Amino acid sequence: MASLLVLVSTGACRRQPSSESPRWETLPQAEAGQLRPLDAFERIEDRGLRSQALFLEASRVFFHPRCANCHPDGDSPFQDSGGQPHSPPVTRGPEDRGVVGMECAGCHQDHNLELARVPGAPNWHLAPRTMAWVGKTPRQVCEQLKDPARNGGKTLAQLVEHNAHDELVGWGWNPGAGREPAPGTQAHFGRIVAAWVATGAECPGEEARP
Amino acid sequence: MTTLKVRVNGEDKELDVDPEMPLLWALRDVLRLTGTKYGCGQALCGACSVHLDGQVVRACVTPIRRAEGRSVTTIEGLSPDGGHPLQRAWVEMGVPQCGFCQSGQLMCAAALLAKKPQPTDADIDQSLAGNLCRCGTYTRIRAAVKKAAGLPDGK
Amino acid sequence: MSQPVTMTRRSFLEGLNLSVGGLALGLGPTLTEAEARSKVVPTVLKPNVFVHVAADGVVTIVCARSEMGQGVRSSLPVLIADELGADMARVRVLQADGDKAYGDQNTDGSSSVRGVYDDLRRTGATARTMLVTAAANRWKVKAVDCEARDHAVFRRGTGESIGFGELVRDAARLPVPRAEDVRLRPRAELRNVGGDLPLLDGPAYVNGTAVFGADIALEGMLVAVVARPAVVGGRVMRFDATRALAVPGVKHVVEVPAPKAPYLFQSWGGVAVLAENTWAAMRGRAALDITWEDGGNETYDSEAFRETLLASVRAPGEPFRQVGDVDAAFARAARVVEAEYCTPHLPHAPMEPPVALAWVKDGACEVWAPTQHPQAARTEAAQVAGLPESQVTVHVTLLGGGFGRKSKADFVGEAVYLSKQVGAPVRVQWTREDDIRHDYYHTTAAQRLRAALDEQGRPTAWLHRTAFPSIRSTFSTDVKGPVFRDLNQGVLDLALAIPNVRAEACEALAHVRIGWLRSVYNIFHAFSVGSFMDELAHARGMDPRDNLLDVVGPARHMSLAELGVPKLPNYEAPLEKHPVDVGRLRGVIERVTELSRWSERGKDGRALGLAAHRSFLSYVAVVVSMKKDEAGRARVDEAWVVVDAGLVVNADRVRAQMEGSVIFGMSLALYGAITMKDGATQQSNFRDFRLVRMAEAPRRIHVDIVRSEEAPGGVGEPGVPPVAPAIANALFALTGTRARDLPIIRSHRV
């Protein structure tokens, strides 16, 4: 569900964008549950604006409940699609893996369970607080992702690799039990993140929304 | 069907079962250890809690293949004679009502005390958050955990 | 209805593995001396045993009520043991099978202690009398020169004693004394009754050896999981079992016939998958391909029905309680206070879902089940098996909770049906989803309350309209709404000192299968009345405690005339023995407000709520304290319960029941409900049907038991009804807004 927003440049860009260049809002509507094809971004001639637009597209994945639910700002993950608290109640714990008796891996397996409706993927755990996305803007998430102090010490290349291939990340597109998957596919998402990095890994303005 | 080797309550067992069969049913239906209970099948109630290499898992959703080559402890193996401090505190303080949830409560409380011998109220609330009790024995459980830990129960 | 105490037939003892040489007494029709001694007893008799003393001194006491956490096994045997003078350390307790010879075994209605109290005491006293007589004969002294205590008979004045075991051979040869020759001990001599007694099965509960319904397995047993129609009255149109039968371990797929209204204890019907283990059966069920036809109730929508119930109480109903002239009083009222309250369907959701094991073989049927009503289970099993009841045995396991669900024998009938179909022992295992979706739901209700106040703010009239589909709809068709006796629970017996009163029952049709849930109709009658009392207090500008005491009026036994009813069902108890005793009601209100420091409410943010209710012949008052947590949710942080249940047997179990009732009442007040759309239940497990968890339980629950020698009242249920209104009233004190619809989470952050 793409909504067209005004991309406000608040001085975050280093160069003045070409006034001739198409912008984010000129992109075709995304199909429901899909990510926009890469070549759609080609029409944004300005490299900086294209980079920001690619990030905004990627943020449709970051903010999707399948991903954001485990990137909470507090000590508990969410469930479903409306920010409902995880049931049973679980707490982050010192290593983001739950507290004694309520460890994530105490219930979540390395694959989805259909009869029990419990989602699963290898290494199931909460993203550390530095990687909290809930309540953040796309710009704030962008800055977090680029900051090795907050992204688990990753280079941009490692970030691309992580997004494109990590199994827990990949769960977002294969959530099981009738849960709505993140838009597109992990491979497509990986290409968008790679294209964002290739165009300079620019962060969108503070007001920009996908 | 494959043969899986699992150590249960200190004894080596060989199980010829579907590797995806939840540990709960391997314990109950195959090994006839019925102290671990079925309450919900979706890891929501905690009645099926056992230890896998000392860590709590919900047996109703843990495939038996995950226990292969590892050690499982059930309520029957919590102590040789019912003498675990938690078991004694539970009996002294009359904690159980219908008793059905108590195997799970004890296994989770035991894991908690093994990691945190002096748990706070918040520790108890968080670690036992997954264990439902329809009879409502929560306040006695809290008091019994503290008693077993040698803490003033604050009553 | 007291039955005479009789000697037990030898063969009955053998069946229970009790030694024939001991002394065994039960309750039953009178035997002549000759009959009692002979080996052949007339076949019309159905002897039983409640107490057996063996030659080695072991005393076996039979518990004929089901243990579901209310502590009946830790209470009833004590009545016999104390009368007898037995040492509980040398007593073992056996669970009775379902048999009419035991009298009423239906463990429901908070009636175990109060129902058998006299009979069990007499049984113990009779055994004591016979043992004392045997000792007196041996010493050649009078019976009064002897006393029975500590598992032996002592000769007064000397140090001599003979252990019970040594006396049984002689005692068993004596005629059973008549009731008038048996003296009950004075109350003071009952050593254990009334104390904090140990939990009999405690060790078994904590070491995993306690035997519940699914813990028994037989050679060759199959486990069955049944696919049931989503809509009440739905049925199988067609099904394909090919993929189910392909699941390894699955042995049979069998259709279970749909029930015909009225539903009674018939199975819901559907398609059963039978397999070698539970996992295979569950997988098999998931692989079934079934087309259902809905059968007529597919339009039921519980939200829409709420409006139907409200419309029903907004029009006059059938008056069942009348004093004075309510309409005239409203006409001249200075002020009118009115409010409407709605409560949803609720499931029982015991931790142990329904399960039963049956084996139909060679013209007989044996059942093991966690049943609250073993005799109803026996009748249902016999009917389904097509066998006489004499060929059906029902063994009662421990119950992992009941709350009324397991009085219904439907799950037993299913096991019997399937066993008969496949010729093997069959355990039918209900999953949690089955339990939540296909329960006998607590009924949904709407209440409308109106009070008239005069110039001085005194209440002059009280009108209560109640509408709910009645449980009777499960047992007969053409039930249009509540009848007179349905209002017994919290409407007809409500203490009021108001000159004009009317209570009306308004129509409501049933669209689901309805059953009785812990405290039943008291749940919504107490919620509405208890909340309305608080609303009245605020309208009058009075302290809610003072208002409540003013409205219930002075200590007195309310006559039928004062109540405004021609008779009172009164939980099947005679009014003379169990009056509507306002003094006892006032007593628990005064005590609970004293304990909770009611006069300090409002100070330091203490938001307190008060409610009191009479049900099952007991009186309970509750105060809860609510606070907001860091996230701004209203939480119950402390609760006080005062219970007057007359004479209690095991004070610790009474206390536990009250603690549990607070949690049970909190769950129904705050969180969980069953909603139905298109005829089907929307909830399925504990994620969408929410119960109170550890972190939500109050820091402290204080329970005070009023010491009383009045006839025992109920304990299992009476703690529940006052909890929800106390919470609603505390919430009002905390937030200034009132919740009139349950669960409170609909309208408030809790």
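None of these values were measured; they are calculated from a predicted model.

What counts and how
Residues numbered from 1 in each chain as written. Chains lettered and ligands numbered in written order. Predicted model: local features only at pLDDT ≥ 70, side-chain atom pairs only at ≥ 80, totals over all residues. Pairing = 2+ DSSP bridges. Helix = DSSP H or I, 4+ residues; strand = E, 2+ residues; numbered from the N terminus. Axes fitted to C-alpha atoms, helices over the stretch in contact; angles between N-to-C directions. Contact = placed C-beta atoms within 7 Å. Nonpolar A, V, L, I, M, F, W, Y, C, P; charged D, E, K, R; others polar. Parallel < 35°, antiparallel > 145°, perpendicular 65-115°, else oblique. Domains from an automatic or database assignment. Expected span 1.5 Å × (residues − 1). Buried ≥ 20, exposed ≤ 12 C-beta atoms within 10 Å, placed from the backbone.

**Concerning the sheet that holds strand E15 (residues 335-343) of chain C**
Residues and elements named next belong to chain C.
Link 1 in the chain: As summarised here, the arrangement of the five strands in space is E14-E22-E21-E20-E15, forming an open sheet in which the pairing is mixed. Strand pairing shows two members of the sheet lacking a second neighbour, strand E14 (318-323) and E15, which therefore form its edges. Strand after strand, the sheet turns through a mean of 10° between neighbouring axes, direction not considered.
Link 2 in the chain: Of the strand pairs in this sheet, E14 and strand E22 (residues 500-506) are connected by five bridges, and their pairing is antiparallel. Opposite Glu 318, over in E22, you have Ala 505 as the bridge partner.

**Notes on the interface of chain C and chain B**
Link 1 in the chain: Each partner contributes to the interface: chain C provides 46 residues, whereas chain B provides 46 residues.
Link 2 in the chain: Among the secondary structure elements, those contributing two or more residues to the side of chain C that touches chain B are helix H6 (202-207), helix H8 (278-286) and helix H18 (651-671) of chain C.
Link 3 in the chain: Among the elements that take part in the side of chain C that touches chain B, H18(C) stands out by supplying seven residues, more than any other.
Link 4 in the chain: Here the side of chain C that touches chain B is built from residues that sort into 26 nonpolar, 12 polar and eight charged.

**Description of the packing of helix H1 (residues 47-62) of chain A against helix H4 (residues 138-146) of chain A**
Residues and elements named next belong to chain A.
Link 1 in the chain: In contact at an axis separation of 10 Å, H1 and H4 are set at 90° when each is read in the N-to-C sense. Taken together, H1 and H4 sit at an angle that is classed as roughly perpendicular. Contacts from Phe 55, Leu 56, Ser 59 and Phe 62 in H1 reach Pro 138, Val 141 and Cys 142 in H4.
Link 2 in the chain: Taken together, the residues of the contact of H1 with H4 sort by class into six nonpolar, one polar and no charged.

**Looking at unusual backbone geometry**
Link 1 in the chain: Residue Pro88(A) follows Ser87(A) across a cis peptide bond; omega there is 10°.
Link 2 in the chain: Within the secondary structure layout, Pro88(A) lies in the loop between strand E2 (84-85) and helix H3 (104-107).
Link 3 in the chain: Omega for the peptide link from Leu742(C) to Pro743(C) comes to -5°, which places this bond in the cis form.
Link 4 in the chain: With respect to the helices and strands, the residue Pro743(C) is situated in the segment after helix H19 (723-735).
Link 5 in the chain: In this structure, Ala43(B) is a non-glycine residue whose phi angle is positive, near 55°.

**So, the domain arrangement of chain C**
All names here are of chain C.
Link 1 in the chain: Domain boundaries assigned for chain C yield domain 1 (5-193), domain 2 (221-296 + 354-429) and domain 3 (302-346 + 440-569 + 576-746).
Link 2 in the chain: Taken together, the 14 residues of domain 1 in the interface contact 16 residues of domain 3.
Link 3 in the chain: At the level of secondary structure, the elements contributing two or more residues to the side of domain 1 that touches domain 3 comprise helix H3 (76-84) and helix H4 (112-139).
Link 4 in the chain: The greatest single-element share of the side of domain 1 that touches domain 3, amounting to three residues, is contributed by H4.
Link 5 in the chain: Along the lines of polarity and charge, the residues of the side of domain 1 that touches domain 3 split into five nonpolar, seven polar and two charged.

**Looking at H18(C)**
Link 1 in the chain: For H18(C), which comprises 21 residues, the first-to-last C-alpha distance of 30 Å matches the rise-based estimate of 30 Å (1.5 Å per residue) to within 8%.
Link 2 in the chain: Along H18(C), 18 of the 21 residues are buried, which leaves the element largely enclosed by surrounding structure.

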